[in-house]
Amino acid sequence: MFCVIYRSSKRDQTYLYVEKKDDFSRVPEELLRGFGQPQLAMILPLDGRKKLVNADLDKVKQALVDQGYYLQLPPPPENLLKQHLSVAAKK
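None of the values given here were measured: they were computed from a predicted structure. (Residues numbered from 1 in each chain as written. Predicted model: local features only at pLDDT ≥ 70, side-chain atom pairs only at ≥ 80, totals over all residues. Heavy atoms only, no water.)

K.L.:
Would you mind showing me how to read the pattern of salt bridges here?
P.N.:
The tally for this structure, following the rule as stated, stands at one salt bridge. Among the ionic pairs, Glu19 bridges to Arg26, the shortest N-O distance being 3.2 Å. (Salt bridge = Lys/Arg side-chain N within 4 Å of Asp/Glu carboxyl O.)

K.L.:
For this particular structure, what's the right way to read the pairing of strand E2 (residues 15-18)?
P.N.:
Looking down a regular strand, the side chains alternate between one sheet face and the other. Summarising the sheet, strand E1 (residues 2-7) and E2 pair through four bridges and their orientation is antiparallel. Opposite Ile5, over in E2, you have Tyr17 as the bridge partner. One ladder, built from four bridges, connects E2 with strand E4 (residues 69-72); its direction is antiparallel. Across the sheet, Val18 pairs through a bridge with Tyr69, a residue of E4. (Pairing = 2+ DSSP bridges. Helix = DSSP H or I, 4+ residues; strand = E, 2+ residues; numbered from the N terminus.)

K.L.:
Please explain the nonpolar core as it appears in this structure.
P.N.:
Here is a general trend for soluble globular proteins: nonpolar side chains tend to be buried in one another's company. Core analysis: the biggest nonpolar cluster contains twelve residues, these being Cys3, Ile5, Tyr17, Leu44, Leu46, Leu52, Ala55, Leu57, Val60, Ala63, Leu64 and Tyr70. Broken down by secondary-structure element, the contributors of at least two residues to this core are E1 and helix H2 (57-66). For this core, the element with the most residues is H2, which contributes four residues. Apart from residues no more than four positions distant in its own chain, Leu44 is found in contact with Met1, Phe2, Cys3, Ile5, Arg49 and Leu52. (Core = buried A, V, L, I, M, F, W, Y, C linked by side-chain atoms within 4.5 Å. Buried < 20%, exposed > 50% of the residue type's maximum accessible area, 1.4 Å probe, protein only. Contact = heavy atoms within 4.5 Å.)

K.L.:
When you look at the environment of Pro45 in this model, what are you seeing that I'm missing?
P.N.:
In this structure, Pro45 sits in strand E3 (residues 39-45). Since its relative accessible area comes to 36%, Pro45 is described here as partly exposed. Placed 40 residues apart in sequence, Pro45 and Leu85 show a C-alpha to C-alpha distance of 43 Å. The contacts of Pro45, once residues within four sequence positions are left out, are Met1 and Phe2.

Right, here's the structure in full:
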């Protein structure tokens with residue numbers, strides 16, 4: 001199984017995985033409007049992989065089969081104040 005990964009032109013660190021290059025037929029129109037013009041990032045074989053860097057491999061595969069796409073959102077921003085207070089409380 002292969003997937004094609006596109007980078008969002010509107011949202012930083014947001015990626016759209018689809019089954020076939022330039023085939024967005026199963027991606028909701030509203031999602032594509034918010035995503036912007038998809039920019040090809042890479043074509044990736046999923047078979048034989050044990051993991052992906054920023055996405056759960058099994059969830060990606062299942063989403064591609066069930067809905068035809070997987071949307072990878074950026075990680076939540078770090079709360080540096082909370083981290084600092086947590087470390088300071090332990091001292």
